[in-house]
There are 4 protein chains.
Amino acid sequence: MLKIGIVGGTGYTGVELLRLLAEHPGTRVEVITSRSNAGTPVVDVFPNLRGKFDIKFSEPDVDSYQNCDLVFFATPNGVAMGQAKALLDKGIKLIDLAADFRIQDIETWEKWYGEAHACPSLVEQAVYGLPELNRDAIKTASLVANPGCYPTTVILALLPLLQNGLIEPSSIIADCKSGVSGAGRNANVATTYSELSESVKAYAVTGHRHLPEIRQILQSINNQAELVFVPHLMPMIRGLHATVYADANNTDTNIQQVFENFYRDEPFVDVMPAGSHPETRSVKGANHCRIAVHYLDTSKKYVVLAVIDNLVKGAAGQAIQNMNLMFGLNETTGLNAPGMMP
Amino acid sequence: MLKIGIVGGTGYTGVELLRLLAEHPGTRVEVITSRSNAGTPVVDVFPNLRGKFDIKFSEPDVDSYQNCDLVFFATPNGVAMGQAKALLDKGIKLIDLAADFRIQDIETWEKWYGEAHACPSLVEQAVYGLPELNRDAIKTASLVANPGCYPTTVILALLPLLQNGLIEPSSIIADCKSGVSGAGRNANVATTYSELSESVKAYAVTGHRHLPEIRQILQSINNQAELVFVPHLMPMIRGLHATVYADANNTDTNIQQVFENFYRDEPFVDVMPAGSHPETRSVKGANHCRIAVHYLDTSKKYVVLAVIDNLVKGAAGQAIQNMNLMFGLNETTGLNAPGMMP
Amino acid sequence: MLKIGIVGGTGYTGVELLRLLAEHPGTRVEVITSRSNAGTPVVDVFPNLRGKFDIKFSEPDVDSYQNCDLVFFATPNGVAMGQAKALLDKGIKLIDLAADFRIQDIETWEKWYGEAHACPSLVEQAVYGLPELNRDAIKTASLVANPGCYPTTVILALLPLLQNGLIEPSSIIADCKSGVSGAGRNANVATTYSELSESVKAYAVTGHRHLPEIRQILQSINNQAELVFVPHLMPMIRGLHATVYADANNTDTNIQQVFENFYRDEPFVDVMPAGSHPETRSVKGANHCRIAVHYLDTSKKYVVLAVIDNLVKGAAGQAIQNMNLMFGLNETTGLNAPGMMP
Amino acid sequence: MLKIGIVGGTGYTGVELLRLLAEHPGTRVEVITSRSNAGTPVVDVFPNLRGKFDIKFSEPDVDSYQNCDLVFFATPNGVAMGQAKALLDKGIKLIDLAADFRIQDIETWEKWYGEAHACPSLVEQAVYGLPELNRDAIKTASLVANPGCYPTTVILALLPLLQNGLIEPSSIIADCKSGVSGAGRNANVATTYSELSESVKAYAVTGHRHLPEIRQILQSINNQAELVFVPHLMPMIRGLHATVYADANNTDTNIQQVFENFYRDEPFVDVMPAGSHPETRSVKGANHCRIAVHYLDTSKKYVVLAVIDNLVKGAAGQAIQNMNLMFGLNETTGLNAPGMMP
């Protein structure tokens, strides 16, 4: 029975970890911290969990994790980097759901995140926790940088194309549509119901923090890769839809076959039949990424449609998938529930 | 391993049965029928189930269920009553998620459902499948009438009050708010997104089919019971909120204690702390009913707030709870997943 | 051309005043204040108004209103009472969209609003701005207390019954459903999209500030009147639906006729045909209240369904209706636009 | 006073025409037809219009329009082409909100619309009713083909770039997001609330009927123009957001200035300040198109963000704008209402 700690348990990735761990047979949540809610039972903040956990939020304190095998950081960016070393030194493994260890180039990280990195020495040893890319490295990692929701989707959409050299690497456009929960659980006029319902908008057109993260991974595959990335906010809670465009560099490929072969053994990537248009609701609450690929012969472009639940495959579910790998459990344990339709 | 048949599998109660059975360790779906989709793989209609079922919809045909231990009717009203006898004669148990066997008085049924009852002889032997009321009878039943979503919620809100004689039985008002999935999966202008989003309305003020169903159960407890029932349609997919008003017949009761004692051993009824206001989302996807009770001393009324997911505790989840009871399984098997928040 | 000032223009009642005044032919907005946005063009906060106003928000300052004929307070509760006297002394009329002058009994106000009233002497002279009740008094008023959104709806639903003595006055239950914009434009986790979408809940069951406001008006008509009032939050931006229950005190009334006669000459109250179920969307953006009345003969109760747009007839639209009356304009000027469906 | 006829008045473009015409000072709706609702008062279908119209739907019949100056076809594709000649022969002008006269090449039309064109001879004389492109021709036209919602948005986003030769004409990608009302008012499982809420999907990736319409207009400006067009369905009623990508062909352009100059005199196209991200809600119910243009220097691409209300500038509002032009009225008459926020 793995002993789990969660830092920063009052955000959406925190409650989603708890929702999924409640059904995971091999774990027990030992400690969950929250500065603002210390002393409050978890179920008072998240009544969906009543009857599942009788733990209370506690003050953040490195010592409190000492009996844990693994600590999840479900915190804002910039927290994990301050505590990671102390935990690793005690032999505790760590998965950061925020961005502190995702970007290998420290200067790039500091530019996009606007602060000095507190622990550059650990960045190099961190493994980028996308199992479809780094499964073996994750299995032996002590420190996993859980990918962002946009990068997870865009990278999974592009891997078969880039790794097989099927596209012009600098031609990529990723037009992404995300549900509001991706913005976190914060008091903010801009994310209130009245401001976001019945409306759609783009944001951060000239630069979103997930852009260098995606670029780093794509360039690790093909150093000519470059992309335009425009995120949009949708009036829905969960769900992320990436529409990815790229120029085909030949016209003879059986692209459906390429995708099916590429993901044949992946438990959480589902290549839909040719001609499909995946809906985000088909993965609501589930750890799956569903992908459809289209070829437009007029313009000789591929259009890849990929959907995830941003809180599951885009955050907490992928973190548990990584945990399963790190501790030698079956990769799918606790992650088998189908999406919820309707 | 129970062998399961599902009749009418293309509606929302059908897909919800499949979603829940996918995670139920003691069942296997042998056959699922749909006249309109016969020959189509289930996952083509419900892509959330991809990888979970490789069965196809088949033509409805009583013979096709012959290897089943249990058949769920996830059909419109009026279907199960035509096929129930043939199935029961083969020794197959049956749970009807529609209304054919819910109302004991045939004349009342025929008045509200507008047709002759095809099988009045079986009505008497049918057990009304609300475990909190009829657990023992369900355990030995062959034919279970799964309750309606509104009746489930309103009855659970009222049982502690009525059975303990704490209210004026003719003073009940049940103002109910339902998500749209309760209207089923049908082509209908009135339930399109553009017609229902950003709007609220009452419907069937002068008489809804769930009124005689609720009345029958309440009067079985206190024959003076009478109620006003007004359903409203909410712009959300899932969730049902009942706000139930009744005159207290004394002012000394510790009503919180009454509710907590009454439901102490119930796995799926959660009495919230005094002063609570349960949200429907706290049970989204879960089989729980959460209840809070308030006493208004100015008017000497109780206000009971009760929430369920209309497709789970209000339909497919309760049906599986009944199945578990009928076949001697643990009552909660396959039904432990927490609600999904956010 | 009336010269208008608006205090507190960055909330939803502020922007709604601007939206409606943009089309009002007899007014010009001279000044609009906002402490937090002073110096910012109005259209930078509310881009829907681009091209309609080139005014900027200014610091709140009583002197800045000196050229105004009328000042709207679109502020939180507790602001208008501090500035009203100074404005009235300058001969400027005032409409408070908050609650400072709605409740005649100072002790009651202070109990529900949790602070000392800063200007009790003006309360008595304030007119409760419900034109259907107080039209003549509004015409000559200098200080109008614009009603709350729930009180507007519940009172309009009950006026024909109470004034004609058709109900048991202590039997009233008002079960109300409101869109989220009624909670204002504030940074608050509880009103974010992710917390409120796809969910319904009651709130303030044991006491909401609009309860004493409704009670005061009802008791001014029949001093035996008493009510239970339970508000609920709906996943929609605009719209308020009141479902009002009361015991009929005789069974012979042609209730449809009573309502039609009562509201025959009202420009903004629409009695729907017998048997109707009004939808909130039918008044989205419009100043109308649509009402349907049902009689339930089993329980001898009336059920009145009434809908408004909480930001229009429940706030800014009614304020403009009051302004029209106070300044001798046609009551409907600027308020004729139909609701927006879909 | 213009006498107006509307054919096919029970769809969303029909009710939107009525909503806008209710406030238009220079028109009177003489006749509105609907085969399915003949004899029913308009306000029984659209209660938002109660008090605004006392007309009933009548049977479609060419003779019934004989007193009209103008007939709007708010019908499905394929209706107007059968009746246009008879109306024009009587001297009645005609605006088709469907697609019958939008595509000049008959073969292309027949390929995409799947039927023989009933009236090819009129296609050539029809004017494509985008005032920002064809204002002068519209003024003298008898037959106007009102543009589709996607084409309106995409073309307005691209006009300043294409007409000024600022982009590589074959590099255009238009990723579009539409509210559900664009799918019309039909009984269809796929557009029910339960199927579309809380989800996003692409559709018609390999070919949507608006693609040849957009292409025709773009190629009329630059015959090298080619585009990829992917529409997506959003969980909202109204609103259309186009995100348009194109390769800049030089890097020195002050693109903000280009857009501002280009649309300086347009009453309904609003170029937002540099760096803006327009929201669809800023034009909800309004006839405006708001546009922001961004330049990405890493990839040397322009990203143009353009939003409209698909039922107003994308349908009924633009039709009235065309009507105003055709009859010498002020172009903005009846179309001045600001968008509704929130």
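Residues numbered from 1 in each chain as written. Chains lettered and ligands numbered in written order. Predicted model: local features only at pLDDT ≥ 70, side-chain atom pairs only at ≥ 80, totals over all residues. Heavy atoms only, no water.

Across the boundary between the two partners, chain C contributes 19 residues, which contact 19 residues of chain A. Summing both sides of the interface, chain C and chain A together bury roughly 1,600 Å²; the carbon and sulfur share of this comes to 63%. In terms of surface lost to chain A, no three residues of chain C exceed Tyr-193, Ser-194 and Ile-237 of chain C, which account for 41% of the buried area on that side. Where chain C meets chain A, there are 2 salt bridges. Notably, a salt bridge pairs Arg-185 of chain C with Glu-195 of chain A, separated by 3.4 Å at the nearest N-O pair. Scanning the region where chain C abuts chain A turns up 11 residue pairs in polar contact (both at pLDDT 80 or more). Of the residues in the side of chain C that touches chain A, the class split is 9 nonpolar, 7 polar and 3 charged. (Contact = heavy atoms within 4.5 Å. Buried area = accessible area lost by both parts, 1.4 Å probe. Salt bridge = Lys/Arg side-chain N within 4 Å of Asp/Glu carboxyl O. Polar contact = N/O pair within 3.5 Å; in protein donor to acceptor, adjacent residues only side chain to side chain. Nonpolar A, V, L, I, M, F, W, Y, C, P; charged D, E, K, R; others polar.)

Once that is clear, we can look at the relation of the copies chain C and chain A. Superposing chain C onto chain A requires a rotation of 180° together with a translation of 0.0 Å along the rotation axis, leaving an RMSD of 0.0 Å. Accordingly, the operation relating the two chain copies is best matched by a two-fold axis. Most of the interface of chain C is mirrored in chain A, where 100% of its interface residues again form contacts. (Least-squares fit on C-alpha atoms with pLDDT ≥ 70 in both.)

The subject of this paragraph is the sheet that holds strand β9 (residues 201-202) of chain B. Residues and elements named next belong to chain B. Pairing within the open sheet is mixed, and its 7 strands lie in the order β9-β10-β8-β11-β14-β13-β12. Two strands lie at the open edges of the sheet, namely β9 and β12 (269-271), each paired on one side alone. Sheet analysis places strand β8 (residues 172-178) next to strand β11 (residues 240-247), joined by 6 bridges and oriented antiparallel. Directly across from Lys-177, in β11, lies its bridge partner His-241. In the packing of helix α7 (residues 149-163) onto the sheet, the strands contacted are β8, β10 (227-233), β11, β12, β13 (289-296) and β14 (301-308), and the crossing angle to β14 comes to about 140°. (Pairing = 2+ DSSP bridges. Helix = DSSP H or I, 4+ residues; strand = E, 2+ residues; numbered from the N terminus. Axes fitted to C-alpha atoms, helices over the stretch in contact; angles between N-to-C directions.)

With that settled, the discussion passes to the pattern of salt bridges. Residues and elements named next belong to chain C. Under the definition given, this model contains 77 salt bridges over all chains. Across the pair Asp-89 and Lys-85 runs a salt bridge whose closest N-O atoms are separated by 2.9 Å. Placement of both Asp-89 and Lys-85 in helix α3 (residues 80-89) is noted, with a separation of 4 residues, approximately one turn of the helix. The class of Lys-85 is partly exposed, set by a relative accessible area of 44%. (Buried < 20%, exposed > 50% of the residue type's maximum accessible area, 1.4 Å probe, protein only.)

Another point: the domain arrangement of chain A. Residues and elements named next belong to chain A. If you check the domain split of chain A, you get domain 1 (2-125) and domain 2 (150-310). Placing the centre of domain 1 and that of domain 2 at their C-alpha centroids yields a distance of 27 Å. Every contact between the two is made by 15 residues of domain 1 and, on the other side, 13 residues of domain 2. Together domain 1 and domain 2 conceal approximately 1,200 Å² of surface at their shared face, both sides included; 52% is due to carbon and sulfur atoms. Of all residues in domain 1, Tyr-12, Arg-102 and Trp-112 bury the most surface against domain 2, accounting for 50% of the area lost on that side. (Domains from an automatic or database assignment.)

With that out of the way, let us pick up the packing of helix α1 (residues 12-21) of chain A against helix α11 (residues 312-326) of chain A. Residues and elements named next belong to chain A. Contact geometry for α1 and α11: axes closest at 9 Å, N-to-C directions at 50°. Classified by the angle between their axes, α1 and α11 sit oblique to one another. The two elements α1 and α11 cross, and the hand of that crossing is right-handed. Seen from α1, the contacting residues are Thr-13, Glu-16, Leu-17, Arg-19, Leu-20 and Leu-21; seen from α11, they are Val-312, Ala-315, Ala-316, Gly-317, Ala-319, Ile-320 and Met-323. Residue composition of the contact of α1 with α11, grouped by class: 9 nonpolar, 2 polar and 2 charged. (Parallel < 35°, antiparallel > 145°, perpendicular 65-115°, else oblique. Left-handed = near helix turned anticlockwise from the far one by under 90°.)

Expressed as a screw operation, the relation of chain D to chain A combines 0.0 Å of axial shift with a rotation of 180°, fitting to an RMSD of 0.0 Å. Comparing interface residues between copies, 100% of those in chain D also lie at the interface in chain A; the contact surface is shared.

Among the 10 residues that make up helix α1 (residues 12-21) of chain C, 10 are buried, leaving the element largely enclosed by the rest of the structure. Along α1 of chain C, the positions that sit buried rather than exposed are Tyr-12, Thr-13, Gly-14, Val-15, Glu-16, Leu-17, Leu-18, Arg-19, Leu-20 and Leu-21 of chain C.

Residues and elements named next belong to chain D. All buried positions along helix α3 (residues 80-89) are accounted for by Ala-80, Met-81, Gln-83, Ala-84, Leu-87 and Leu-88. For α3, the buried positions fall inside an angular range of 160° around the axis, keeping them on one side. Of the exposed residues in α3, those oriented more than 90 degrees away from the buried face are Gly-82 and Asp-89. Check the buried side of α3 and you find it contacts β4 (70-73), β5 (93-96), α4 (106-113), α5 (120-123) and β7 (143-145). Just downstream of α3, Gly-91 is the residue with a positive phi angle, here 85°. (Arc of directions from axis to C-beta.)

Turning our attention to the environment of Lys-52 of chain B. Relative to the helices and strands, Lys-52 of chain B resides in the loop between α2 (42-45) and β3 (57-58). For Lys-52 of chain B, a relative accessible area of 25% gives the class partly exposed. Those residues in contact with Lys-52 of chain B that sit more than four places away from it in its chain are Asn-336 and Pro-338 of chain A together with Ala-22 of chain B.

Moving on: the side chain of Lys-177 of chain A. Inspection of the secondary structure puts Lys-177 of chain A in strand β8 (residues 172-178). For Lys-177 of chain A, a relative accessible area of 0% puts it in the buried group. In this structure the side chain of Lys-177 of chain A is engaged in a polar contact, spanning 2.8 Å, whose partner is the side chain of Asp-175 of chain A. Residue contacts for Lys-177 of chain A: discarding those within four places in its chain leaves His-232, Met-234, Gly-239, Leu-240, His-241 and Thr-243 of chain A together with Asp-175, Lys-177, Val-200 and His-232 of chain D.

Interface size is commonly expressed as the accessible surface area that is lost when the partners come together. With 42 residues of chain D at the interface, the matching set in chain A holds 42 residues. A combined buried area of about 3,600 Å² lies between chain D and chain A, and 63% of that area is made up of carbon and sulfur atoms. Our count for the contact surface shared by chain D and chain A stands at 4 salt bridges. A salt bridge links Arg-281 of chain A to Glu-195 of chain D; its shortest N-O distance comes to 2.6 Å. The interface formed by chain D and chain A holds 24 residue pairs in polar contact (both at pLDDT 80 or more) in total.

Residue and element names in this part refer to chain C. If you trace the 7 strands from one edge of the open sheet to the other, you get β9-β10-β8-β11-β14-β13-β12, paired in mixed fashion. Edge positions in the open sheet fall to β9 (201-202) and β12 (269-271), since each of these has one partner strand only. Where strand β11 (residues 240-247) and strand β14 (residues 301-308) come together, 8 bridges link them in antiparallel fashion. Counterpart to Thr-243 in the pairing with β14 is Leu-305. Helix α9 (residues 210-221) contacts β8 (172-178) and β10 (227-233) of the sheet and is inclined by roughly 140° relative to β10.

On to the side chain of Thr-280 of chain B, then. Relative to the helices and strands, Thr-280 of chain B resides in the loop between β12 and β13. Look at Thr-280 of chain B and you get buried, because its relative accessible area is 2%. In terms of polar contacts, Thr-280 of chain B uses its side chain to reach the side chain of Ser-199 of chain C, at 3.3 Å. The residues contacting Thr-280 of chain B, other than those within four sequence positions of it, are Met-236, Gly-239, Leu-240, His-241 and Val-307 of chain B together with Glu-198, Ser-199 and Val-200 of chain C.

So, on to the packing of aromatic side chains. Counted under the stated rule, the structure contains 18 aromatic pairs over all chains. A ring pair is formed by Trp-109 of chain D and Tyr-113 of chain D, whose centres lie 5.0 Å apart and whose planes are at 15°; its orientation type is stacked. One end of the pair is Trp-109 of chain D and the other is Tyr-113 of chain D, both in helix α4 and 4 residues apart, which spans about a single turn. Here the two residues Trp-109 of chain D and Tyr-113 of chain D agree in accessibility, since each one is buried. Directly above the aromatic system of Phe-327 of chain A lies the positively charged group of Lys-93 of chain A, at a separation of 4.8 Å from the ring centroid. (Phe/Tyr/Trp six-rings, centres within 6.5 Å; stacked < 30°, edge-to-face > 60°. Lys NZ or Arg CZ within 6 Å of the ring centre and 35° of its normal.)

Further remarks concern the pairing of β14 of chain B. All names here are of chain B. The buried fraction of β14 is high, at 8 of 8 residues. Residues Lys-301, Val-303, Leu-305 and Val-307 of β14 are buried on one face, and the alternating residues Tyr-302, Val-304, Ala-306 and Ile-308, pointing to the opposite face, are buried as well. Pairing of β13 with β14 involves 7 bridges; the strand directions are antiparallel. The partner of Leu-296 across the bridge, within β14, is Lys-301. Hairpin connection from β13 to β14: 4 residues lie between these consecutive antiparallel strands, with Lys-300 at a positive phi of about 55°.

Looking now at the environment of Leu-218 of chain C. One can find Leu-218 of chain C in helix α9. Once you skip the residues sitting within four places of it in the chain, Leu-218 of chain C turns out to touch Ile-155, Leu-158, Leu-162, Ile-172, Ala-225 and Leu-227 of chain C.

Residues and elements named next belong to chain A. The geometry of helix α6 (residues 131-139) relative to α11 is characterised by a closest axis approach of 9 Å and an angle of 35° between their N-to-C directions. Once α6 is placed against α11, the crossing between them reads as right-handed. Contact residues: α6 offers Pro-131, Glu-132, Arg-135, Ile-138 and Lys-139, while α11 offers Lys-313, Gln-318, Gln-321, Asn-322, Leu-325 and Met-326. Classifying every residue of the contact of α6 with α11 by side-chain character gives 4 nonpolar, 3 polar and 4 charged.

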